[in-house]
Amino acid sequence: MLIDGKEISKKILKEISSDLHQISKNLGRKPALSIILIGNNPASETYVKAKIKACSEVGIEGNLIRFDINVDSKTLIDQIEKLNKKIDIDGILLQLPVPKNLNERELIEHINPLKDVDGLTAENIGLLNSGTPRFIPATPYGIMEIFNRIGVSLSGKKVVIIGRSNIVGRPLFSLMSGRGENSNSTVTLCHSYTKNLSEFTLNADIIIAATGSANILDGSMIKEGAIIIDVGINRLDDKSRKSGYRLIGDVDFETANKKASYITPVPGGVGPMTITMLMKNVCNAAKRDK
Ligand code: NDP
């Protein structure tokens, strides 16, 4: 069965909107998110555009702060510090990846953890890993919410996550293997050094593919009835499209769909959930004293 991320997102956004109304009333202003974008990476441009659009649709003040690709780290840190101090800014997001000459970790650590709506500061990673999350990174948050909404219990399930980034694989590992109400899975975290991936995936009840490598998983690598969550976003040249490309996931959808009990499409699966859960994190940030 296809998991319709757009449909689930719509429902959650509806729930958020009444919450937002109340928060705006209490604050006397809309909750606000500042996004810092460095350079003009086309994928980042697309993601940022979608985030700003979602903000305006839901009633969040979204503002984009752009920097040239050659910006130095002092200028960026000064900007982050300025946003940290502004009482009318609730969330700060540094769009990743940053250009290679900049130290991503150093920049992230300057974000006030109470405004770190991506949940990427060491403090927020620590809180998540100790089972008391403040902000759950939006993509893993969205994936956990998918399981809630389709009514699939994770307890006792064998899960394989492919990809170990700080933004997807690692936090998801922590959430799914945690003691929370709907977690308690046995999770294996695979990556590019994993030998014989099929050995792991063929035993899994749930597989999350988050690699950025197209067709890393196909029907021959999954067991009948497995649940497949495809996080990957890959651009495939397609001259028939106006844009010149189309988006595909990490999973060979056609063959995997024949065996899966549930599967997320790309686009329209995890992507909309990510944006929605970011909105939820901004709401949560706006409710806190900073
Ligand atoms: P990263 O590049 O930070 O991490 C990719 C991970 O996948 C790494 O751990 C890497 O292993 C592993 N990997 C790469 N190729 C292979 C392979 N052939 N076999 C096994 N493991 C592999 O990416 P992100 O986590 O940031 O993003 C992953 C994908 O998800 C991207 O396509 C991105 O665009 C997409 N994405 C989608 C979102 C959405 O909302 N739908 C949100 C965020 C990301 P190693 O560590 O050994 O290098």
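Predicted, not measured: the structure shown is a model, and the values here were computed from it. All residue numbers refer to position in the chain's written sequence, counted from 1. A pLDDT threshold of at least 70 governs which residues receive local features in this predicted model, and a stricter bar of 80 or more applies before side-chain atom pairs are shown or counted, although totals over entire chains, interfaces and linings include all residues. With hydrogens and water excluded, all non-hydrogen atoms of the structure serve as input to the side-chain values.

Section: the pattern of salt bridges
Going by this rule: Salt bridge, as applied in this entry: a Lys or Arg side-chain nitrogen positioned within 4 Å of an Asp or Glu carboxyl oxygen. Runs of H or I in DSSP of at least four residues are treated as helices and runs of E of at least two as strands, each being numbered from the N terminus. Between buried and exposed lies partly exposed: a residue is buried under 20% and exposed over 50% of the maximum accessible area for its type, with that area taken using a 1.4 Å probe on protein chains only.
Inspection of the entire model under this criterion finds 13 salt bridges. Between Lys 10 and Glu 7 there is a salt bridge, with its nearest N and O atoms 3.6 Å apart. Linking Lys 10 with Glu 7, this pair stays in helix H1 (residues 5–27), spanning three residues, or about one helical turn. Among the residues examined, Lys 10 registers a relative accessible area of 53% and is labelled exposed. Judged by its relative accessible area of 37%, Glu 7 is partly exposed. A salt bridge links Glu 123 to Arg 134; the shortest N-O distance between them is 2.9 Å. Taken together, the residues Glu 123 in helix H5 (residues 122–129) and Arg 134 in the loop between H5 and helix H6 (138–150) connect sequence positions eleven residues apart. A network of salt bridges, in which partner residues are shared, links Glu 15, Glu 145 and Arg 149.

Section: the packing of aromatic side chains
The test is simple: Put simply, two rings from Phe, Tyr or Trp (the six-membered ring, in Trp's case) pair if the centres are within 6.5 Å, and we call them stacked under 30 degrees between planes, edge-to-face over 60, tilted for the rest. We call a charge positioned above a ring when the Lys NZ or Arg CZ atom is no farther than 6 Å from the ring centre and deviates by at most 35 degrees from the ring normal.
Within this structure, the stated rule accounts for zero aromatic pairs. Between the NZ or CZ atom of Arg 235 and the centre of the ring of Tyr 245, over which it lies, the distance is 4.0 Å. Seen from the ring of Phe 135, Arg 288 lies directly overhead, with NZ or CZ sitting 5.6 Å from the centre.

Nothing here speaks to function; it is geometry throughout.
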